[in-house]
Structures are given as structure tokens and as C-alpha cells.
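# Chain and residue survey
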Amino acid sequence: MNCIDAVEGTAKTIIDGLFRLFIENNLDDTEYIRNIKAVMDSTDVFLQNNREIADSPHTLKRVLYEHAKDLWLNNLLNKFETDNANSEHIPDNIEYNGYSFDYIYNHGTYPL
């Protein structure tokens with residue numbers, strides 16, 4: 001295993017742990033997203049300071065972002081499908097929730 005794989009695996013495991021806490025404790029979405037952003041930003045700083053580990057640290061940040069967002073969206077999709085088994089609005093809801101995740105990640109609060 002090379003160093004970048006170890007960093008990626010460690011960061012994903014931390015994100016997964018934060019996600020479990022989010023689910024188990026019914027935390028607010030902003031808490032989860034701000035926490036995973038801190039993990040991603042800290043990982044990015046580590047890689048920026050240790051360039052010998054990875055040529056493109058921002059690629060890992062994108063991979064971690066997509067991983068965290070997928071966890072969050074799949075959880076919402078599962079809840080929505082359970083609550084609205086016959087609904088035809090699932091794609092619209094997923095698109096809006098994807099926008100919400102991006103907005104919270106970038107602004108630290110829900111979209112207005």
C-alpha cells in the first residue's frame with residue numbers, strides 16, 4: 001500500500017465514523033457537513049505540507065467530498081423512499097439535497 005492510499009483510507013474511515021455519529025445521535029446536517037469539511041481541509045493541509053506523499057492533494061479532497069456527500073444523500077434517499085414509497089418526486093428531492101449539501105459545505109449554513 002502506498003502512502004496516499006493509507007491517507008485516503010484513514011480519512012474515509014474518519015468520515016464514516018462521523019457519519020455513524022450523525023445517524024445515531026440525530027445530529028443536524030450542518031454539524032455533520034462542517035465536521036467532514038474539517039477532516040477534508042485538515043487532510044488537504046497535511047498533504048500540502050508533505051508533497052512527497054501525493055502529487056495532487058486536491059484530487060483526494062474531491063474523492064473524500066464525493067464519499068461524504070454520497071453517504072449523506074444515500075441516507076436521505078433511504079429515508080425518503082421509506083416515508084414516501086409511492087412518490088414520483090425522488091429525483092427532484094435528491095437534486096435539491098445535493099444542492100443543500102454543497103451549500104452547507106461552502107457556507108456552513110442551510111440555503112435560504
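Rules used throughout
- Residues numbered from 1 in each chain as written.
- Predicted model: local features only at pLDDT ≥ 70, side-chain atom pairs only at ≥ 80, totals over all residues.
- Heavy atoms only, no water.
- Salt bridge = Lys/Arg side-chain N within 4 Å of Asp/Glu carboxyl O.
- Helix = DSSP H or I, 4+ residues; strand = E, 2+ residues; numbered from the N terminus.
- Buried < 20%, exposed > 50% of the residue type's maximum accessible area, 1.4 Å probe, protein only.
- Polar contact = N/O pair within 3.5 Å; in protein donor to acceptor, adjacent residues only side chain to side chain.
- Contact = heavy atoms within 4.5 Å.
- Axes fitted to C-alpha atoms, helices over the stretch in contact; angles between N-to-C directions.
- Parallel < 35°, antiparallel > 145°, perpendicular 65-115°, else oblique.
- Left-handed = near helix turned anticlockwise from the far one by under 90°.
- Core = buried A, V, L, I, M, F, W, Y, C linked by side-chain atoms within 4.5 Å.

Turning our eyes to something else, we now look at the pattern of salt bridges. Scanning the model with the defined rule gives four salt bridges in all. Where Arg62 meets Glu66, a salt bridge forms, and the shortest distance between an N and an O atom there is 3.5 Å. Residue Arg62 and its partner Glu66 are located together in helix H3 (residues 57–83), separated by four residues, close to a single helical turn. Looking at Arg62, the relative accessible area reads 45%, which means it is partly exposed. Note that Lys69 is salt-bridged to Asp102, the shortest N-O span being 2.9 Å. With a gap of 33 residues between them, Lys69 in helix H3 and Asp102 in helix H4 (residues 90–107) connect regions that are remote in the sequence. On the basis of relative accessible area, Asp102 is assigned to the partly exposed category, the value being 25%.

Of note, Thr43 is situated in helix H2 (residues 29–49). Note on Thr43: relative accessible area 12%, which makes it buried. Within the local environment of Thr43, its side chain forms a polar contact with the backbone oxygen of Val39, the two atoms lying 2.8 Å apart. Beyond its immediate sequence surroundings of up to four residues, Thr43 is in contact with Val7, Ala11, Leu60 and Leu64.

Where helix H1 (residues 3–24) contacts H2, the two axes come as close as 10 Å, and the packing angle between them is 165°. If you check the angle between H1 and H2, you find them roughly antiparallel. Between H1 and H2 lies a crossing whose hand is right-handed. Side by side, H1 and H2 meet where Ile4, Val7, Ala11, Ile14, Ile15, Leu18, Phe19 and Phe22 of the first sit next to Asp29, Tyr32, Asn35, Ile36, Val39, Met40, Thr43, Phe46 and Leu47 of the second.

Moving on, we come to the nonpolar core. Membership of the largest hydrophobic core comes to 22 residues, with the highest contact counts inside it found for Ile15, Tyr32, Ile36, Met40 and Phe101. Looking at this core, the elements that each hand over two or more residues are H1, H2, H3 and H4. Every residue in contact with Phe101, bar those within four places of it in the chain, is listed here: Tyr32, Ile33, Ile36, Tyr65, Ala68, Lys69 and Trp72.

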